[in-house]
Amino acid sequence: EKSVQIEDPFLVRDSFDLITQDDAEEKCPASENTASDLEAAANTSHGDESPAVLSPSVLLMLVAEINSTKNILRFGSRHCLQQYASVTGCNLEDLLIESVPVVRKALFSRSLRTLPLAEQVAVIQALAFIIDRAPSLFPLMDQDVLALLSELLKMT
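First, a word on what this report is: a plain description of the structure on this page. None of the values given here were measured: they were computed from a predicted structure.

What follows deals with the overall build of the chain. Helix and strand content of the chain: eight helices and two strands. Each helix and strand of the chain, ordered N terminal to C terminal, gives the series β-α-α-β-α-α-α-α-α-α. The buried share of the chain, reckoned over its 156 residues, is 40%. Across the chain, every contact between residues at least 6 apart in sequence was considered, and the portion connecting residues at least 24 apart equals 65%.

This part takes up helix 7 (residues 117-133). Here helix 7 spans 24 Å end to end across 17 residues, near enough to the 24 Å set by a 1.5 Å rise per residue. Listing the buried residues of helix 7 in full gives Q120, A122, V123, A126, L127, F129 and I130. Against helix 4 (71-88), helix 5 (92-96), helix 6 (100-108) and helix 8 (143-155) lie the buried residues of helix 7.

Another aspect to go through is the pattern of salt bridges. With the rule as written, the count across this model stands at four salt bridges. With a shortest N-O distance of 3.2 Å, D142 and R104 are connected by a salt bridge. Here D142 is found in the loop between helix 7 and helix 8, whereas its partner R104 is found in helix 6, with 38 residues between them in sequence. Residue classification places R104 among the partly exposed residues on the basis of a relative accessible area of 23%. Across the pair D144 and R104 runs a salt bridge whose closest N-O atoms are separated by 2.8 Å.

Now for the packing of aromatic side chains. The geometry of an aromatic ring pair comes down to the distance between the two centres and the angle between the two planes. For the coordinates displayed, the defined rule picks out one aromatic pair. Here F108 and F138 contribute two aromatic rings whose centre-to-centre distance is 5.5 Å and whose plane-to-plane angle is 85 degrees, an arrangement assigned as edge-to-face. With F108 in helix 6 and F138 in the loop between helix 7 and helix 8, this pair connects stretches of sequence that are 30 residues apart. With respect to class, F108 is no different from F138; both count as buried.

Another aspect to go through is the nonpolar core. Residues L107 and F138 are the most contacted members of the largest nonpolar core, which totals 31 residues. Residue assignment for this core shows that the elements contributing at least two residues are strand 2 (52-54), helix 3 (56-64), helix 4, helix 5, helix 6, helix 7 and helix 8. Those residues within four positions of L107 in sequence are excluded, and the remaining contacts are N67, V123, A126, L127, I130, F138 and L148.

A few words on helix 4. For helix 4, built from 18 residues, the straight-helix expectation of 26 Å at 1.5 Å per residue is met to within 8% by its first-to-last C-alpha distance of 26 Å. Burial in helix 4 covers these residues: R74, G76, S77, R78, H79, C80, L81, Y84, A85 and T88.

This next bit is on a nonpolar patch on the surface. Together, I72, L73 and F75 line one region of the surface with nonpolar side chains, adding up to about 250 Å² of accessible area. Tracing the sequence through the fold places L73 in helix 4.

Quick notes on the rules
Residues numbered from 1 in each chain as written. Predicted model: local features only at pLDDT ≥ 70, side-chain atom pairs only at ≥ 80, totals over all residues. Heavy atoms only, no water. Helix = DSSP H or I, 4+ residues; strand = E, 2+ residues; numbered from the N terminus. Buried < 20%, exposed > 50% of the residue type's maximum accessible area, 1.4 Å probe, protein only. Contact = heavy atoms within 4.5 Å. Expected span 1.5 Å × (residues − 1). Salt bridge = Lys/Arg side-chain N within 4 Å of Asp/Glu carboxyl O. Phe/Tyr/Trp six-rings, centres within 6.5 Å; stacked < 30°, edge-to-face > 60°. Core = buried A, V, L, I, M, F, W, Y, C linked by side-chain atoms within 4.5 Å. Patch = residues over 30% accessible without salt bridge, like charges linked within 9 Å, V, L, I, M, F, W, Y side chains within 5 Å. Areas by Shrake-Rupley, 256 points an atom, 1.4 Å probe, with all protein chains shown as cover.

Here is the structure:
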């Protein structure tokens, strides 16, 4: 039986609710499969050639932890998203496209100056990760990104 191997000792595979999909299609599982596709995949047997499908609730959990104040959670979230994207062959932009409103609210809802230092670091690292790995989600000409970068420059 083929399984997804995550090389980080801090991450336990069973806690990420991975399921497989027998009808292997050439599309990114999290962004293009419907809820009924995911339910069907969960109810089928685990074949040898099936790619892993990340449940929407797990994807939402990983996205929510991208800007956690705890470094290990930020690292784990980023690592899991990258590993999942590489295993499934889709890019990170396709995985995160439906989570953009959640990420936008988490990163841009409050002024950077009013946040404690740990939260400032978390926001900057999350934004740097997203701009590096999925630049079309938050282009540098986006008004919120420009406002955050301007505020960051004023703080230095």
